[in-house]
Amino acid sequence: MRNLPSIRSVIYSVALTLMLPATLSHADEVTPSGGNRSSMVDADFSGGAEHVRFDDAARELTSVYPILIASASQVVQNSFNWNGPVDASLRCDIGFTPDAVVVRGEFVDDYPFCQPIARPAMPEWWMITYGGDGIQFTFDDPTSASRRVSFVLNFGSRATRPEVNLMASQTRPAGIISTADFELFDGQAPVNNGGQRAVMFRAAVPIAALGDSRLFSGPLRITLRMHDLDGDWSTYQVLQEVIERK
Ligand SMILES: [Ca+2]
């Protein structure tokens, strides 16, 4: 029997700074070892931005938007693989400052940090667009299909060396955003989710490293995709939610 996730009832806190730091202790052991597949995401690229710290950016927030992914209707690829919120679900606050995108949230995954290749970003023609566990944020202008920026919170295999990867930008090459701040923490065990502990994450990404700062000053469509791999490629699934910032 699957109960509705308790995270549905969680009231979002606008105060991103209330995050309680902890260490991440339960990186999953079933994660295959990293491979050597070549990738679009090899460059270390800052875009000339200063390194940003989450705590500093969170103090400058001008707007915050909550997103919840926990229902079957949000599984947009390989929905037959989804076994409910214990398998893959998340909630996230996406905030903006004049200079940074700030995200904070938590996810539940029965096999977290499964990442069989070192650089999981895949070309568009792959049916699997991101070959491992990761959370992808795409921002585009609803009035102009050509203006689009996308980055991924790349957990790294077994949560070692988490990094932010720029996936798509009109003005910047794909690569590691070394000026971003990204951390993972142990979360609490939500009630009614089978005892699966949540993993908390928080990140701040300089807009200058994403390119096209004008994109972030106008109407914005925000697409959040949770890429979930639980073992071999047959387990791959994608969950998605889209919101619009007026
Ligand atoms: Ca899973």
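Numbers given to residues run from 1 along each chain, matching the order in which its sequence is written. Per-residue local features are limited, in this predicted model, to residues with pLDDT of at least 70; the limit for side-chain atom pairs, both in listing and counting, is 80 or more; totals at the level of whole chains, interfaces and linings are taken over all residues.

A.B. asks: I would appreciate a short explanation of the pairing of strand E6 (residues 144-154) in the present structure.
C.D. replies: Taken residue by residue, a regular strand's side chains alternate between the two faces of the sheet. Only when DSSP finds a minimum of two bridges between them are two strands counted as paired. Strands here mean DSSP runs of E at least two residues long; helices mean DSSP runs of H or I at least four residues long; both are numbered from the N terminus. For strand E5 (residues 134-141) and E6, the ladder comprises eight bridges, and the chain directions are antiparallel. Across the sheet, the residue bridging to Asp-141 is Ser-144, located in E6. The hairpin turn running from E5 into E6, its antiparallel successor, is two residues long. Sheet topology places E6 next to strand E7 (residues 163-168); five bridges connect them, and they run antiparallel. In the sheet register, Leu-153 faces E7, and the bridge partner there is Val-164.

A.B. asks: Looking at this structure, I do not really get the nonpolar core. What am I missing?
C.D. replies: For soluble globular proteins, the rule of thumb is that nonpolar side chains tend to be buried together. Core membership is restricted to buried Ala, Val, Leu, Ile, Met, Phe, Trp, Tyr and Cys residues, and these are joined into a nonpolar core through C-beta atoms within 7 Å. Each residue is classified by how many other C-beta atoms fall within 10 Å of its C-beta atom, where C-beta atoms are placed from the backbone; a count of 20 or more means buried, 12 or fewer means exposed, and values in between mean partly exposed. Core analysis: the biggest nonpolar cluster contains 56 residues, and Phe-151, Ala-203, Ala-204 and Val-205 have the highest contact counts within it. Not counting residues up to four positions away in its chain, the partners in contact with Ala-204 are Val-52, Arg-53, Phe-54, Ala-57, Ala-100, Val-102, Ala-180 and Asp-181. Each residue is represented by a C-beta atom placed from its backbone, and any two residues with such atoms within 7 Å are regarded as in contact.

A.B. asks: Would you explain the sheet that holds strand E10 (residues 199-206) in this entry?
C.D. replies: In a beta sheet, neighbouring strands pair by backbone hydrogen bonds and run either parallel or antiparallel. Strand order in the open sheet made by the five strands is E1-E3-E4-E10-E9, with antiparallel pairing throughout. Two strands close off the open sheet at either side, each with one partner strand: strand E1 (63-69) and strand E9 (181-186). Recorded for the sheet is a direction-independent mean angle of 10° between the axes of neighbouring strands. In this structure, E9 lies alongside E10, joined through six bridges in antiparallel fashion. Inter-axis angles, ranging from 0 to 180 degrees, are taken between N-to-C directions of lines fitted to C-alpha atoms, where helices are fitted over the stretch in contact.

A.B. asks: How do you make sense of the pairing of E7 when you look at a structure like this?
C.D. replies: In the sheet, E7 pairs with strand E8 (residues 175-176) via two bridges, with the strands oriented antiparallel. Bridging from a neighbouring strand, Leu-166 pairs with Gly-175 of E8. The hairpin formed by E7 and E8 contains six residues between the paired strands.

A.B. asks: Is there a simple way to think about unusual backbone geometry in this case?
C.D. replies: Excluding glycine, residues mostly have negative phi values, and the peptide bonds linking residues are mostly trans. In the Ramachandran plot, Asn-78 falls in the positive-phi region, its phi being about 60° despite a non-glycine side chain. Inspection of the secondary structure assignment puts Asn-78 in the loop between strand E2 (75-77) and strand E3 (88-96). Unlike most non-glycine residues, Phe-113 shows phi in positive territory, near 60°. Within the fold, Phe-113 resides in the loop between strand E4 (100-109) and E5. Residue class for Phe-113 comes out buried when judged on the 25 C-beta atoms lying within 10 Å of it.

A.B. asks: How should I be thinking about the sheet that holds E6 in this particular structure?
C.D. replies: Taken in spatial order, the seven strands of this open sheet run E2-E12-E11-E5-E6-E7-E8, and their pairing is antiparallel. Strand pairing shows two members of the sheet lacking a second neighbour, E2 and E8, which therefore form its edges.

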